[in-house]
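Notes for the structure review
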Amino acid sequence: SAVISQKPSRDICQRGTSLTIQCQVDSQVTMMFWYRQQPGQSLTLIATANQGSEATYESGFVIDKFPISRPNLTFSTLTVSNMSPEDSSIYLCSVEVVVGQGSFFGQGTRLTVV
Amino acid sequence: AQRVTQPEKLLSVFKGAPVELKCNYSYSGSPELFWYVQYSRQRLQLLLRHISRESIKGFTADLNKGETSFHLKKPFAQEEDSAMYYCALKSSRGSTLGRLYFGRGTQLTVWP
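A brief structural summary.

What follows covers the nonpolar core. Of all hydrophobic cores here, the largest spans 26 residues; its most connected members are Trp34(A), Ile46(A), Phe66(A), Ile68(A), Leu78(A), Tyr91(A) and Leu111(A). Looking at this core, the elements that each hand over two or more residues are strand 3 (19-25), strand 4 (31-37), strand 5 (43-50), strand 8 (75-80), strand 9 (89-95) and strand 11 (109-113) of chain A. Here the element with the most residues in this core is strand 3 of chain A; it accounts for 4 residues. Not counting residues within four places of it along the chain, the set of residues in contact with Phe66(A) comprises Arg36(A), Ile46(A), Tyr57(A), Phe61(A), Leu78(A), Thr79(A), Val80(A), Asp87(A) and Tyr91(A). Residues Val4(B), Leu33(B), Ala77(B) and Leu108(B) belong to the second largest nonpolar core, which totals 25 residues.

Take the state of the cysteines next. Across all of its chains, the model carries 2 disulfides over all chains by this definition. Paired by a disulfide, Cys23(B) and Cys87(B) hold their sulfur atoms 2.0 Å apart. For the disulfide bridge between Cys23(B) and Cys87(B), the dihedral angle about the S-S bond is near -65°, and by the sign convention the bridge is left-handed. Of this pair, Cys23(B) sits in the loop between strand 3 (19-21) and strand 4 (24-26) while Cys87(B) sits in strand 9 (residues 83-90), placing them 64 residues apart in sequence. Cys23(B) sits in the buried class, given a relative accessible area of 0%. Residue Cys87(B) is classed as buried on the basis of its relative accessible area of 0%. In this structure Cys13(A) is not part of a disulfide, and its nearest cysteine sulfur, from Cys93(A), lies 17 Å away.

So, how was this worked out
- Residues numbered from 1 in each chain as written.
- Chains lettered and ligands numbered in written order.
- Predicted model: local features only at pLDDT ≥ 70, side-chain atom pairs only at ≥ 80, totals over all residues.
- Heavy atoms only, no water.
- Core = buried A, V, L, I, M, F, W, Y, C linked by side-chain atoms within 4.5 Å.
- Buried < 20%, exposed > 50% of the residue type's maximum accessible area, 1.4 Å probe, protein only.
- Helix = DSSP H or I, 4+ residues; strand = E, 2+ residues; numbered from the N terminus.
- Contact = heavy atoms within 4.5 Å.
- Disulfide = S-S within 2.5 Å.

What follows is the structure in structure tokens.
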């Protein structure tokens, strides 16, 4: 198993500003994933963060808007840049410790942009 | 392209009744399928994986490749089963290796 801590758990931000979300895992993992869950919708993958390489972004997400860092095997950050109200969502990080065993999720960061 | 479809956004049953949450998928290859559950005010957590063919909290799910389905079933629903259930497909190849693709979720309510 894995214990994932996400910070902050929630925030209210002004439009035009940026927020960095941290994800700390209690074990070393190769891949970390960042998801977005917009109100009333399912989880959508933003990007895959691998240690030592650039993050891989899904269609519709770009590095300038969602820069990701992955400095080591237990930590990653996702920044939501130049925020607008449309960015109001829950952001979650996820890891798979053992391939095929299923993924573990952080508790999520509830972001509201006003 | 991979796709996961959960046709029911809401599902309500009475305690003791059977429940089936539907999930259909589209994937060109051998899929890995999961059910995740999110109870109120808790984080998303794994419920079942098709590989293990296990029963968790009385729930089972069988992968039917012919019908491309992975429905979640429980013969006798309990009130504590009330939660949001997500079906997810994990990509097992190429540039999307390891990614999870989620259905929109089904909110299950079990009435007393």
